[in-house]
Every structure is written in structure tokens, then in C-alpha cells.
Amino acid sequence: MPAPKQNPIQSVYSKLIDLGFSPSAATGIMANIDVETGGTFNPSQRQLRGPGRGLFQLDPSGPLPRVYQQYLTNTGKTNTMDSQLEFMRDTIYGDTELQEVIGEGNTKRLRKVFEEGSPERVAKEFQDIWERPGTPHEERRIESARRFKEIYVEPEQEFNLLYTPDYQQPQPMSVPRRRPSLASDLVGAGTNPTATQDAPDNYIPGFLEAMNRALGLK
């Protein structure tokens, strides 16, 4: 029985994490893929009424697709999701020749934002530096980054916080209590039980005042 297919979005996220990207960097890159593929995350996606191809909808007339084809030849890889993501990673972290396709200064900028930036900022910088789309639809990329952040980044941050060795789980504030053993304890407390003793477990606001009046003590 064949194994069930993994969700393509999850497949891309898992691959980016395997390639060494942080959750924030991965989701910012995914926001671009989301917009470029129209949400399909299909590595064979063809641009509607245009020449774009793949996860990043690269235009064959540009430098990246030509370098990508040479990359496949040199590495013996085929055109798959893994290959496209590995190529993108190698143009930023790979050898000098691959980095030159987007420029050394640009690779440094992307590395910095991958390390320090939010998913929204990563989405914006990756769009401007690596994708360079004719029609950016930047607001869509930012919104997509926010959605992916809610799914992947924020739960990860909460998990890391909870399992930090020196993390102390906040405890609810507790008020010392003493259960009265004699009826006189209730009467002796007067109208403000906390003035002379700790509040008993069964203290009800207004109860002592009513009892005092009933007993003719007030």
C-alpha cells in the first residue's frame, strides 16, 4: 500500500528546516512561494499567461533559471521540490560562483535577515532581493507570512519557552487560609475577617455581617 502523500506546504516547510533555515526564515520564504504558485506549492507550477516556472516562478529569460539548469547538470539532480529549494539555499550559502548570481552584498543581506528578521521582514527582503517579481503583490506576501507565523513560528516559540531549563511556570497567587475551629472565630473576626486573621476557606463576603446582625451583636 503506497504511503499517503504529505501536504505540499508541510513538505516545503520540512525541507527548509532540514536545509538549516530557522522557522522565521522558512515561513518568510514560504510566503513568497505561496504567492508565486497561487497556493499550490507545486514545483511544476506554470505561470498563468506567463513564462514563470516552479516554486519561485522563475522567468527563463532571467539569470537564475539559466544558472539553475547548469546547477542540475553539475550536481546530477532532477527538477524537483528538493532541487529547487537546495538551489535557492546554495545561491545564498553555497560557493562563490553560485552566490554571484544575486550578488555578494545581497547574500549577506539575506543571511542577516534570515538570522534576525521576523517572517514578515524575511518575506519582504526575499521578495526584493531574490525573487524580484515584476508585480510584487507585497501585501499578499506579508499576509501569508503572518498566517504561516501563527502555524509554525509562534507554537515553536512557546514550546522553546516552556522547555527552557531555567523557565519557571507562573504560579497563581495564593492567600494563606485557616479554617476556623470554633464559632467564636467567625464572630471574633468582625466585619473584616482579614483584619485580625486569615480568611477561612468557607468565608463568604457579607456572611459575618449578616450573622452579627442576627445574633444582635451589631
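Everything discussed here concerns the structure shown above.
Per chain, residues are indexed from 1 in the order of the written sequence. Only residues with pLDDT of at least 70 are given local features in this predicted model, and only at 80 or more are side-chain atom pairs given and counted; all residues enter the totals for whole chains, interfaces and linings. Here the side-chain values reflect all heavy atoms present in the structure, with hydrogen atoms and water set aside.

Engineer: Tell me about the overall build of the chain, and name the residues and values.
Structural biologist: The number of helices and strands found in the chain is 11 helices and 0 strands. When each of the 218 residues of the chain is scored for burial, the buried share is 38%. Restricting to contacts in the chain with at least 6 residues of sequence separation, those with at least 24 account for 44%. Surface summary for the chain: the accessible area is close to 13400 Å², and the carbon and sulfur share equals 52%. Put simply, DSSP H or I for four residues or longer makes a helix, DSSP E for two residues or longer makes a strand, and each gets a number counted from the N terminus. The buried label applies to any residue whose accessible area, calculated with a 1.4 Å probe on protein chains only, is under 20% of its type's maximum; exposed applies above 50%, and partly exposed to all values in between. Two residues qualify as a contact provided that any one of their heavy atoms is within 4.5 Å of a heavy atom in the partner residue. Note on areas: Shrake-Rupley with a 1.4 Å probe; residue coverage comes only from the protein chains shown.

Engineer: So what's going on with helix α1 (residues 8–18)? Which residues, and what values?
Structural biologist: Within α1, the full set of buried residues consists of Ser11, Val12, Tyr13, Lys15 and Leu16. Residues adjacent in sequence count toward polar contacts only when both atoms are side-chain atoms; beyond that, a polar contact is any pair of N or O atoms within 3.5 Å, and within protein one must be able to donate a hydrogen and the other to accept it. A distance of 2.7 Å separates the backbone nitrogen of Ile9 from a side-chain oxygen at the start of α1, and that oxygen is part of Asn7. Just beyond α1, the residue with positive phi is Gly20, at close to 105°.

Engineer: Would you mind going over the side chain of Thr27 in detail, with residue names and values included?
Structural biologist: Looking at the secondary structure, you find Thr27 in helix α2 (residues 23–37). Judged by its relative accessible area of 0%, Thr27 is buried. Dropping the residues within four chain positions of it, Thr27 is found in contact with Tyr13, Pro119, Ala145, Phe148, Lys149, Tyr152 and Val153.

Engineer: Go over the packing of aromatic side chains with me, naming the residues and quoting the values.
Structural biologist: Pairing of aromatic rings covers Phe, Tyr and Trp, the last counted by its six-membered ring, and requires centre-to-centre distances within 6.5 Å; plane angles under 30 degrees mean stacked, over 60 mean edge-to-face, and any other angle means tilted. Applying the stated criterion across every chain, the model contains 10 aromatic pairs. Ring plane angle 90° and centroid distance 6.1 Å describe the contact between Phe41 and Phe148, whose orientation is recorded as edge-to-face. Residue Phe41 is found in the loop between α2 and α3 (63–75), and its partner Phe148 is found in helix α8 (residues 138–162); the two are separated by 107 residues along the sequence. Phe148 carries the same exposure label as Phe41, and that label is buried. An aromatic cluster is built from Tyr13, Phe41, Phe148 and Tyr152, whose rings are joined through pairwise contacts.

Engineer: Give a detailed account of helix α7 (residues 119–131), specifying residues and quantitative values.
Structural biologist: Here a helix's expected span is defined as the number of its residues, less one, multiplied by 1.5 Å. Here α7 spans only 16 Å end to end across 13 residues, well under the 18 Å set by a 1.5 Å rise per residue. The element α7 is extensively covered by neighbouring structure, given that 10 of its 13 residues are classed as buried. Among the residues of α7, those classed as buried are Pro119, Glu120, Val122, Ala123, Glu125, Phe126, Gln127, Ile129, Trp130 and Glu131. Just downstream of α7 lies Arg132, where phi reads positive at about 50°.

Engineer: Provide a residue-level description of the packing of α1 against α2, including the pertinent values.
Structural biologist: In a pair of packed helices, the angle between the axes and the distance between the axes together describe the arrangement. Between α1 and α2, the shortest axis-to-axis distance is 9 Å and the interhelical angle comes to 135°. With respect to α2, the element α1 is oriented oblique. Here the hand of the crossing between α1 and α2 comes out right-handed. Mapping the contact onto sequence places Ile9, Val12, Tyr13, Leu16 and Ile17 in α1 and Pro23, Ala26, Thr27, Ile29, Met30 and Ile33 in α2. We call Asp, Glu, Lys and Arg charged. Ala, Val, Leu, Ile, Met, Phe, Trp, Tyr, Cys and Pro are nonpolar, and the rest, Gly among them, are polar. Class assignment for the residues of the contact of α1 with α2 results in 10 nonpolar, 1 polar and no charged. Interaxial angles span 0 to 180 degrees and are taken between N-to-C directions of axes, which are lines fitted to C-alpha atoms, for helices over the stretch in contact. What sets the label is the angle itself: under 35 degrees gives roughly parallel, over 145 gives roughly antiparallel, 65 to 115 gives roughly perpendicular, and the rest give oblique. Rotating anticlockwise by less than a right angle from the far helix to the near helix defines a left-handed crossing, while the corresponding clockwise rotation defines a right-handed one.

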